[in-house]
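A closer look at the structure
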Amino acid sequence: MMGELIYTFASLAARHVGEVTCIHGMRLLAETVHPSGVKITWIVSPESARLAARELTEWHNAYGDDVAVSQPELSAGHLDFSGTLQEKTERLAAVRERIRKVLPWAELTVAAGHTDPDIVKMCDALGMEGLWGFCWEQIEVDQITDRGCPWGVYYMHPDDRLRPAPGQSVVAMEWTSRDLLNSYHSGNPCLYSTDPNDAARGGLCSWEDIGYWKGLADNYLRNTRYNRHVFLLQHQEAHEMERNEGWYCYTEEDIREAAVMLREFVKHIQPHARMMTLGEAARLYRATYASMPSSYMLWDYIPHSRPNPDYTWNTSPGPWPKTFLYCDRGAQMMFVDGRVQPVCIRNYARPWDTTAYYSEPVIPVVRLVHNTQYGWRREVEILVDSPSPMPYGVVFWGDYSLYQIGDAPGLVEGKILPRELLFLRYELNAGENRFQVRLQGK
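Here's what I pulled together on the structure shown here. Worth saying up front: this structure is predicted, and the values here are computed from it rather than measured.

To continue, consider helix α1 (residues 23-33). Along α1, the residues classified as buried are Ile-23, Gly-25, Met-26, Leu-29, Ala-30, Thr-32 and Val-33. Of the surrounding secondary structure, the elements contacted by the buried residues of α1 are β1 (4-12), β3 (20-21), β4 (40-44), α3 (53-63) and α10 (252-269).

Take a look at the structure:
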């Protein structure tokens with residue numbers, strides 16, 4: 001049985017100058033995506049909420065739109081983490097209360113502005129369920145460096161926002177979903193994303209020509225075969241959908257192009273996904289999972305035109321081989337087609353730094369001891385000599401759909417992706433590790 005694709009659309013709509021907010025951009029976004037059943041989560045400041053209260057209330061009643069709390073530093077465009085945990089928590093509470101006064105219907109269970117090291121504790125103290133804004137594999141862009149965190153959604157560790165918690169916590173939610181294959185291999189996740197301006201400026205999509213985006217969405221949809229839920233989160237700033245004296249971002253033509261791209265994309269998504277607000281998605285996650293579930297993402301390369309070098313300087317365009325990405329509470333791993341051992345292991349037991357981003361510096365090589373078939377069963381033995389204890393996984397590429405995993409001492413988790421691969425998750429000890437697995441015919 002297929003899993004479920006959950007689609008959310010968020011819009012940062014916190015800008016204001018005097019008594020003017022980005023209401024024209026908000027209206028254009030609403031006109032663009034509401035007809036496809038999309039619920040928008042508007043990320044607002046107290047001032048923008050007050051100035052757009054009439055429209056926000058109308059859209060909430062008519063389409064199920066919701067609002068989230070923009071922290072002051074996100075609205076102002078600079079980071080300010082000054083003050084004690086209590087002082088920062090009180091600041092966030094005061095912002096939420098000011099929004100609630102002008103939008104009394106709002107539940108305000110999601111915050112935005114995730115880079116404060118204390119943010120998990122702040123949100124937890126206020127009973128907030130979700131935190132929006134994470135950028136998988138991103139380094140430095142918009143003062144955000146999140147490389148090492150899981151993709152999609154996950155429970156944040158209170159002491160390290162980029163590492164999964166052992167159990168339930170505040171739900172981390174992506175800024176905007178990425179093409180996992182190209183983002184990882186190219187090192188430029190901002191290009192290979194669902195942000196319309198980045199996709200257009202990079203030359204991957206234009207106007208109605210969104211074949212690349214459709215391929216991205218189809219990769220997410222296909223992975224509902226292997227996961228109970230797959231989350232596709234998209235975002236577009238409201239102030240980037242209008243020209244205003246306070247924020248000249250794009251030309252009128254750029255704005256029209258972004259609207260057309262978004263309209264075509266949500267029409268492509270709509271038949272295959274359940275539309276949710278950020279708050280609804282966080283509640284679904286918390287109601288379904290007592291701890292972060294393992295995520296299995298098999299990703300095919302999406303053909304596209306060569307990116308515009310003036311926007312993508314120093315970025316390799318690929319193509320890259322099919323890639324399998326796995327993430328659980330202890331590790332994140334990437335495997336390329338044909339290779340048994342991972343090309344990257346992000347070990348969440350390691351401290352995060354701006355050099356390794358949890359990565360193991362040495363990835364041991366797998367040695368095959370034997371791979372023997374006996375009619376409707378198979379026995380495989382492998383050897384891994386490791387310099388230190390670490391999480392580990394192996395992928396046997398090929399069609400294992402006639403088997404199921406039988407006796408496998410030491411196996412932490414295993415999964416067969418029919419007609420694609422067999423994945424086995426282990427924990428290595430320092431020195432020699434031998435693992436045997438029996439595959440039983442179905």
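Turning next to the packing of α1 against α3. At a minimum axis distance of 11 Å, the contact between α1 and α3 shows a crossing angle of 15°. Relative to α3, the element α1 is oriented roughly parallel. Crossing hand, α1 versus α3: left-handed. The segment α1 lies against α3, with Ile-23, Met-26, Arg-27 and Ala-30 engaging Arg-54, Glu-55, Leu-56 and Trp-59. For the contact of α1 with α3, the per-class residue count stands at five nonpolar, no polar and three charged.

Our next topic: the packing of aromatic side chains. Applying the stated criterion across every chain yields a total of 21 aromatic pairs. With a centroid separation of 5.8 Å and an interplanar angle of 85°, the aromatic rings of Trp-136 and Trp-151 are classed as edge-to-face. Here Trp-151 lies in the loop between β7 (130-134) and β8 (153-157) and Trp-136 lies in the loop between β7 and β8, a separation of 15 residues in the sequence. Ring centres of Tyr-400 and Tyr-403 lie 6.5 Å apart, and the angle between their planes is 50°; on these two criteria the pair is classed as tilted. Given a relative accessible area of 8%, Tyr-403 falls into the buried group. Put simply, the rings of Tyr-296, Phe-324, Tyr-326, Phe-335 and Phe-423 pair up and form one aromatic cluster. Looking at Arg-147, its charged tip hangs above the ring of Tyr-357, at a distance of 5.6 Å from the centre.

On to the layout of surface pockets, then. Looking at the second largest pocket, its volume works out to about 270 Å³. When residues of the lining of the second largest pocket are traced back to their parent elements, those giving at least two are β11 (229-235) and β13 (295-299). Tallied by class, the residues present in the lining of the second largest pocket amount to 14 nonpolar, five polar and one charged.

This part covers the pattern of salt bridges. The final tally for this structure, using the stated rule, is 31 salt bridges. A salt bridge links Glu-55 to Arg-27, with the nearest nitrogen and oxygen atoms 2.7 Å apart. Residue Glu-55 is found in helix α3, and its partner Arg-27 is found in helix α1; the two are separated by 28 residues along the sequence. Residue classification places Glu-55 among the buried positions, given a relative accessible area of 6%. Residue classification places Arg-27 among the partly exposed residues on the basis of a relative accessible area of 30%.

Criteria and thresholds
- Residues numbered from 1 in each chain as written.
- Predicted model: local features only at pLDDT ≥ 70, side-chain atom pairs only at ≥ 80, totals over all residues.
- Heavy atoms only, no water.
- Buried < 20%, exposed > 50% of the residue type's maximum accessible area, 1.4 Å probe, protein only.
- Helix = DSSP H or I, 4+ residues; strand = E, 2+ residues; numbered from the N terminus.
- Contact = heavy atoms within 4.5 Å.
- Axes fitted to C-alpha atoms, helices over the stretch in contact; angles between N-to-C directions.
- Parallel < 35°, antiparallel > 145°, perpendicular 65-115°, else oblique.
- Left-handed = near helix turned anticlockwise from the far one by under 90°.
- Nonpolar A, V, L, I, M, F, W, Y, C, P; charged D, E, K, R; others polar.
- Phe/Tyr/Trp six-rings, centres within 6.5 Å; stacked < 30°, edge-to-face > 60°.
- Lys NZ or Arg CZ within 6 Å of the ring centre and 35° of its normal.
- 1 Å grid on protein atoms, 1.4 Å probe; cavity = no way out; pocket = protein on both sides within 12 Å on 5 of 7 lines; lining within 4 Å.
- Points joined across faces, edges and corners; volume = space filled by probe spheres on them.
- Salt bridge = Lys/Arg side-chain N within 4 Å of Asp/Glu carboxyl O.

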